[in-house]
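Each chain is listed here by its residues.
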Amino acid sequence: MIRVLLRDPEDGLDTSLLPSDGLARLRSSPGTLLWVDLADETITSAEHVLRDVFAFHPLAVDDALRESHVPKVDDWSDYLYVTLHCVTHAADSWEALDTFEVDVFIGRGYLVSYQSRPVEAVQRVWNMALRDERHLTQGADHLLYLLADELVSDYFPVLEDIDEEMERLEDDLLADPQQEEIERIFRLKRALAHLRRVIAPFRETMSRLARNGYPALDPASGVFFRDVYDHLVRLYDITESLRDLLTGTLDIYLSVVNNRMNQVMKVLTVVSTILLPLTFITGFFGMNFFQ
């Protein structure tokens, strides 16, 4: 799906445009803001818009369409190529957790976003822009900030779900540790490691945008990216804390298992102590001494 949102100071909002309607010309019109969103489009169709309509560099287009990257920002002088990551998981489970790219090209007066499949956070920002035109009056920089902020906000519920799962896991371990618990521990560990690999470069990307040494961005927008950076610092700290707690949970499992084994050994020792004299007596008097 290709959709276009154009805000003109005189004509207001227009969502009826198509990529063939001279978008390259419109993006350079003074005072206008153009947002082109490509979601769940074929590679051929998306490549036509990015390479032929907007004339982005082939390497940047290839990165957006064919390669997988951690969050990053590339400076192409008059525009930026920014890779962000969204997180997805089932509404009632963290186990289907996955992350994938949201690629953004941003320049003065325009923003082009691409997702291999629709992203709820992008849809929320699109709806916000349609409901309140003031979001568009602040420029493409503000749209990028809104996208990053909405994407980051989706990470918090995932970590809350993982935290709740860890609490349930600890209760189950103390009540009756089973082999299944160790599998749950390692699934949690893999999920946290995956989030850590995404959040760390995401944080650095926002830090670079917050310092804002790019000609394509308004210098005043740095404070907004600093806000997203602060959220990511908090996310990273939460992830590290959960990893430490998970290590403690593994220690709890091993401790409970060892305690249970000790209890079994105590019972076996008592039984052996009781049966040993009887076994000796039985064995002694069972010998044939008078042959």
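The structure under discussion appears in the preceding block.
Scope of this entry: the structure provided in the associated data block. Residue numbers run consecutively from 1 along every chain, following the written order of its sequence. A pLDDT threshold of at least 70 governs which residues receive local features in this predicted model, and a stricter bar of 80 or more applies before side-chain atom pairs are shown or counted, although totals over entire chains, interfaces and linings include all residues. Think of the side-chain values as coming from all heavy atoms in the structure, minus any hydrogens and water.

1. What about the packing of aromatic side chains?
And step 1. Stacked, edge-to-face and tilted labels apply to pairs of Phe, Tyr and Trp rings (six-membered ring for Trp) whose centres lie within 6.5 Å, assigned for plane angles under 30 degrees, over 60, and everything in between, in that order. If you walk through the whole model with that rule in mind, you get ten aromatic pairs.
And step 2. With centroids separated by 4.8 Å and ring planes inclined at 55 degrees, the aromatic side chains of F56 and Y79 adopt a geometry described as tilted. Taken as a pair, F56 in the loop between α2 (43-53) and α3 (58-66) and Y79 in strand β5 (residues 79-88) lie far apart in primary sequence, 23 residues in all. Taken individually, F56 and Y79 each receive the classification buried, so the pair is uniform in this respect.
And step 3. Here a set of aromatic residues connected by ring pairs shows up, and it is made of F54, F56, Y79, Y81, F105 and Y110. Comment: elements are numbered from the N terminus, with helices defined as DSSP H or I runs of at least four residues and strands as E runs of at least two. Partly exposed describes any residue whose relative accessible area lies between the buried limit of under 20% and the exposed limit of over 50%, with all areas from a 1.4 Å probe on protein chains only and scaled to the type maximum.

2. Some thoughts on helix α7 (residues 155-175)
And step 1. Taking 1.5 Å of rise per residue, 21 residues should cover 30 Å, and α7 covers 31 Å from first to last C-alpha, within 8% of that figure.
And step 2. Buried within α7 we find Y155, F156, V158, L159, D161, I162, E165, M166, L169 and L173. What a helix should span is 1.5 Å times the count of its residues minus one.

3. Regarding the pairing of strand β6 (residues 98-107)
And step 1. Along β6, nine of the ten residues are buried, which leaves the element largely enclosed by surrounding structure.
And step 2. Bridge analysis of β5 against β6 gives ten bridges, and the strand direction is antiparallel. Looking at the pairing, L84 lines up with V102 of β6.
And step 3. Two strands make a pair as long as DSSP finds a minimum of two bridges between them. Hairpin connection between β6 and strand β7 (residues 110-115): a loop of two residues separates the two successive antiparallel strands, and G109 in this loop has a positive phi of roughly 90 degrees.

4. Quick word on the pattern of salt bridges
And step 1. Salt bridges are identified by distance alone: a Lys or Arg side-chain nitrogen within 4 Å of an Asp or Glu carboxyl oxygen. In total, this model carries 13 salt bridges according to the counting rule given.
And step 2. A salt bridge links E204 to R203; the shortest N-O distance between them is 3.3 Å.
And step 3. Judged by its relative accessible area of 40%, E204 falls in the partly exposed class.
And step 4. What makes R203 buried here is its relative accessible area of 18%.

5. As for the packing of α7 against helix α8 (residues 179-211)
And step 1. To define axes, lines are fitted to C-alpha atoms, for helices over the stretch in contact only, and angles between the resulting N-to-C directions are given on a 0 to 180 degree scale. Across the interface, α7 lies against α8 with an axial gap of 11 Å and an inter-helix angle of 155 degrees. One element, α7, and the other, α8, form an angle in the roughly antiparallel class. Note on packing geometry: the crossing formed by α7 with α8 is left-handed. Where α7 approaches α8, its residues Y155, V158, L159, I162, E165, M166, R168, L169, D172 and L173 are matched on the opposing element by E181, R184, I185, L188, A191, L192, L195, V198, I199 and F202.
And step 2. The residue classification treats Ala, Val, Leu, Ile, Met, Phe, Trp, Tyr, Cys and Pro as nonpolar and Asp, Glu, Lys and Arg as charged. All others, Gly included, are polar. Tallied by class, residues from the contact of α7 with α8 come to 15 nonpolar, no polar and five charged. We call two directions roughly parallel when the angle between them is under 35 degrees, roughly antiparallel when it is over 145, roughly perpendicular when it lies between 65 and 115, and oblique otherwise. By definition, any crossing whose near helix is turned counterclockwise from its far helix by less than a right angle is left-handed, and any crossing with a clockwise turn is right-handed. The contact rule is simple, with two residues in contact once any of their heavy atoms fall within 4.5 Å.

6. Points about the environment of V70
And step 1. When you line up the elements, V70 lands in the loop between α3 and β4 (72-75).
And step 2. With relative accessibility at 46%, the residue V70 sits in the partly exposed group.
And step 3. Between the alpha carbons of V70 and F100 there is a distance of 9.0 Å; along the sequence they are 30 residues apart.
And step 4. Beyond its immediate chain neighbours, meaning those up to four positions away, V70 contacts T83, H85, R197 and P201.

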